[in-house]
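# Reading the structure
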Amino acid sequence: MQWFLHKMLPYVVIVGVLVAVFLHHSHRVRCLNEHPRYTVGVTEEYFTTAAGDKEISYVFIIHGECVLGSHTRYQQFNRHSRYFVRFDSTNARNSELLSTPLVPDTLLNIPPGGWASLPVPL
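The paragraphs below set out a description of the structure included in this document. Per chain, residues are indexed from 1 in the order of the written sequence. Only residues with pLDDT of at least 70 are given local features in this predicted model, and only at 80 or more are side-chain atom pairs given and counted; all residues enter the totals for whole chains, interfaces and linings. Hydrogens are left out, water is left out, and the side-chain values use all remaining heavy atoms of the structure.

### A few points about the pattern of salt bridges
Any Lys or Arg side-chain nitrogen located within 4 Å of an Asp or Glu carboxyl oxygen qualifies as a salt bridge. Scanning all chains against the criterion turns up three salt bridges. Note that Glu45 and Arg79 form a salt bridge whose closest N and O atoms lie 3.6 Å from each other. Of this pair, Glu45 sits in strand 1 (residues 36-48) while Arg79 sits in the loop between strand 3 (65-71) and strand 4 (82-88), and the two are 34 residues apart along the sequence. Partly exposed residues are those whose accessible area sits between 20% and 50% of the maximum for their type, while under 20% is buried and over 50% is exposed, using a 1.4 Å probe and protein chains only. We classify Glu45 as partly exposed; its relative accessible area is 37%. Overall, Arg79 belongs to the partly exposed group, its relative accessible area being 39%. Here Arg86 makes a salt bridge to Glu96, at a shortest N to O gap of 2.7 Å. Pair noted here: Arg86 is in strand 4 and Glu96 is in strand 5 (residues 91-102), with a separation of 10 residues, a long-range link. Among the residues examined, Arg86 registers a relative accessible area of 16% and is labelled buried. Given a relative accessible area of 23%, Glu96 falls into the partly exposed group. Strands here are runs of E lasting at least two residues and helices are runs of H or I lasting at least four, both read from the DSSP assignment and numbered beginning at the N terminus.

Shown next as structure tokens:
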């Protein structure tokens, strides 16, 4: 038992953390695919995370609540521009910024809860 605690336990903990991260990501993707809604978000700033990843932040409003998100493919997005956002209707913080299709300038009326599907053709 002493051998296990000193030699194997760190590896078991590392594998456990990796499995937990994978399961959390899979859950977020599954929920986003099962309960999708769409709205328009505005990109704000480029920033670097504590881990050194570069991202862009964006904000969108659902039922009067301002929701902040970030995206890692920051090169695809311009600052202070409007893009469609796909979000989980059961948890709006679970969202992703869509680089296509572009939001038309004429699209000004956004429903408080978003759309069930994109309001423009792909």
